[in-house]
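# Breakdown of the fold
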Amino acid sequence: MPAALTCPVCGAPLSEAPRPDVPVRCPFCNILVEHRDAPAPPPPAPAPPTLTPERLRTELGAARARGGARSSSWITLVALTALIGGIVAAVAALVHGIASSKGVGGIPLEHVSSLASLDGTPATVAAALDLDPPEDARVYVKVRDPPVDYVIFGWNEALPAHATSFGFFLREGDPAAPPAVDRLAATLGRRLVREDDGRLTFYAGGAHLWVSNPLSSIAVDARPQDDDRGAARLDLLWRVTTGAIAGRDVPVTDEERRVLLGEGWPLATLASLDPRIGLDAALAEIPRRFPGSVRDLVGGLEWSIAVDHPWFDDAELRWPNRAGARLEAFRLDPAPRAGHRGFPDQAAVRACLEAIHGPGQVREQDHLAGTWSASWRIQGLGDVHLGSSSLALNFGRWSDTEAGPDPEAWRRLLVGLDPCGRSPAAP
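Structural notes, computed from the coordinates. (Residues numbered from 1 in each chain as written. Predicted model: local features only at pLDDT ≥ 70, side-chain atom pairs only at ≥ 80, totals over all residues. Heavy atoms only, no water.)

## Thoughts on the overall build of the protein
Of regular secondary structure, the protein possesses 12 helices and 19 strands. Across the 427 residues of the protein, 49% fall into the buried class. Long-range pairs, those at least 24 residues apart, make up 57% of the contacts in the protein between residues at least 6 apart in sequence. (Helix = DSSP H or I, 4+ residues; strand = E, 2+ residues; numbered from the N terminus. Buried < 20%, exposed > 50% of the residue type's maximum accessible area, 1.4 Å probe, protein only. Contact = heavy atoms within 4.5 Å.)

Here it is in C-alpha cells:
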C-alpha cells in the first residue's frame, strides 16, 4: 500500500518511492517531494498577489515550462489554485478561452456528466464535449451550472487513449457542494476517510480520490499501467463523482464495489489460494482470481489485493525476482480509520491470533508510548509478526523447501482471522 505521503502544495496523496532516498513527483503540481514518514508542514503561504488574466497566463506558462515538455500531469493549475487565494473566477475565464470558442459562460453540467467513459484521446474527449482540440494532454472545460466552475481532464503516456485524471473545481460557498460530497461518501464507503487536516481521501487499486478542505475541488488521479482494472475503475469513479455533483443516483453493482471500489474479498476466500504458488504462475493467477488487484514489479513481484474485513484493507503478497521463486511474504495493512495512524485494532488482532495459535511472544517497544509487538512461529508456515502498522507473515525457509508452505496451516490462519472483528449478526 502506498506510503502516507502527501504533496505539501496541493495535498494530493503520493505513491511510495522505490527507495526512501528517492523523491516523489506530484502528478498535479509537478514538484518533487522528499519521501519521509512524517514530512514537515509547508511554510505559511505568502499573501496572494493581485491577479489578472494576464498574470495568470504568465504563471501558467512558467509552471508548464518548469514541468518540461514531456510532463503529463494535468494540473499545474491545481498548484496555482492551492497557492493563490481567490483566483477561481479568473481561472474560469481563462479556462474558457483555452478550452473552447463555442458558447458564452461554459457548457451545461448535464453535457459534461453525459460522458459515460473517459475512453479516448484529449482530442476525442474534447470533441465529445463540443470543444476545440486542446494544445496538450489536458482538456479544460468551463461549466455553466453550479456548483461546478470548471473541469480538467488529464492523460499520461502509459495510457494515451484513456484519461488518467480529472478534477472538478467548485464555486466558492455554493450550497449544492456539501450535499454532493455526502452523496459521494455514501457510494464510496469505508475507504473514504477524513484526514487530520479535514481533507477526504479515498484509495482503491491504483486510483486516488480526494476532496479538498475548504471544499473547493474533487479530484482523481490514477496509475492504470499497474492496475488490472485501471480504466474501468477510473470510469466508475467518474460516473459516481459526476452523479453525486449532479444530484443523480448512479447504480453500482456488488461486483463493481468489490473489484473497483476496493470492498475486496474475505480472508476466507484468500485462504483458497495455494501458498506454494510460484512467481510465473502468480502473474496470471492473481488477476484471474482477484480482478482489480494492483501489480508492482520493483524488486520482484508484489500483488496488492483488496480485503473485505473491518480490520484490514489490502493484502500484499510478494515473490522474489528469480526463476522458480515461491511466495515469500504476506502482509495485511490496517483499514483506514479517521483520526488513526497505524493499527487501532492491534490488541483485538492479538486476541484473535491467540485464539487460533495460542499466546505469542510479546515485546515492548516504547513503554511511555505504550507500543508493543507480538510474534508467533507457525509450524510448516513461517513467522507471523503483529506490529503497530501491519500484520505480516514471512514464510522463511518454508518457502524454499521442496514441499513448500503448508496449505492447511495457511488456510487455518486466514479462515480463523476472517470472522474476528465483525459485528454479530442481528437475530
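Now, onward.
## Here's the deal with the pairing of strand E13 (residues 301-306)
With 6 of its 6 residues buried, E13 lies for the most part within the structure. Residue alternation in E13 divides its side chains into two sets, Leu301, Trp303 and Ile305 and Glu302, Ser304 and Ala306, and both sets are buried. Across 3 bridges, strand E12 (residues 294-296) lies against E13 in antiparallel orientation. Bridge pairing in E13 places Arg295 opposite Trp303. Connecting the antiparallel pair E12 and E13 is a turn made up of 4 residues, with Gly299 showing a positive phi of about 75 degrees. Looking at chain direction, E13 and strand E14 (residues 312-319) are connected through 6 bridges and run antiparallel. (Pairing = 2+ DSSP bridges.)

## Comments concerning the packing of aromatic side chains
A complete count under the given rule lists 9 aromatic pairs for this structure. Seen from their ring centres, Phe168 and Trp238 are 5.4 Å apart, and the 20 degrees between their planes marks the pair as stacked. Residue Phe168 is located in strand E7 (residues 165-170), and its partner Trp238 is located in helix H7 (residues 230-246); the two are separated by 70 residues in the primary sequence. The rings of Phe153, Phe166, Phe168 and Trp238 are connected pair by pair, giving a single aromatic cluster. Across from the ring centre of Trp372, 5.1 Å away, lies the NZ or CZ of Arg350, which sits over that ring. (Phe/Tyr/Trp six-rings, centres within 6.5 Å; stacked < 30°, edge-to-face > 60°. Lys NZ or Arg CZ within 6 Å of the ring centre and 35° of its normal.)

## Description of the environment of Leu391
Looking at the secondary structure, you find Leu391 in strand E19 (residues 391-394). Separated by 18 residues in sequence, Leu391 and Ser373 place their C-alpha atoms 9.9 Å apart. Leu391 has contacts with Phe312, Phe330, Arg331, Leu332, Phe343, Val349, Leu353, Val384, His385, Leu386 and Leu417, leaving out every residue within four places of it along the chain.

## Section: the pairing of E14
Moving residue by residue along a regular strand, the side chains alternate between the two faces of the sheet. Counted residue by residue, E14 has 7 buried out of 8 residues, so it is predominantly covered. The hairpin turn running from E13 into E14, its antiparallel successor, is 5 residues long.

## Quick word on the sheet that holds strand E5 (residues 138-142)
Judged by pairing direction, the sheet is antiparallel, and its 7 strands sit side by side in the order E5-E6-E7-E11-E10-E9-E8 without closing on themselves. Strand pairing shows two members of the sheet lacking a second neighbour, E5 and strand E8 (192-194), which therefore form its edges. Between one strand axis and the next, the sheet turns through 15 degrees on average, direction left out of account. Of the pairings in the sheet, the one linking E7 to strand E11 (residues 217-222) comprises 5 bridges and is antiparallel in character. Looking at the pairing, Phe169 lines up with Ser217 of E11. Along the sheet, helix H6 (residues 177-188) makes contact with E7, E8, strand E9 (200-204), strand E10 (207-211) and E11, crossing E10 at roughly 145 degrees. Running over the sheet, H7 touches strand E6 (148-154), E7, E9, E10 and E11 and is turned about 10 degrees from E7. (Axes fitted to C-alpha atoms, helices over the stretch in contact; angles between N-to-C directions.)

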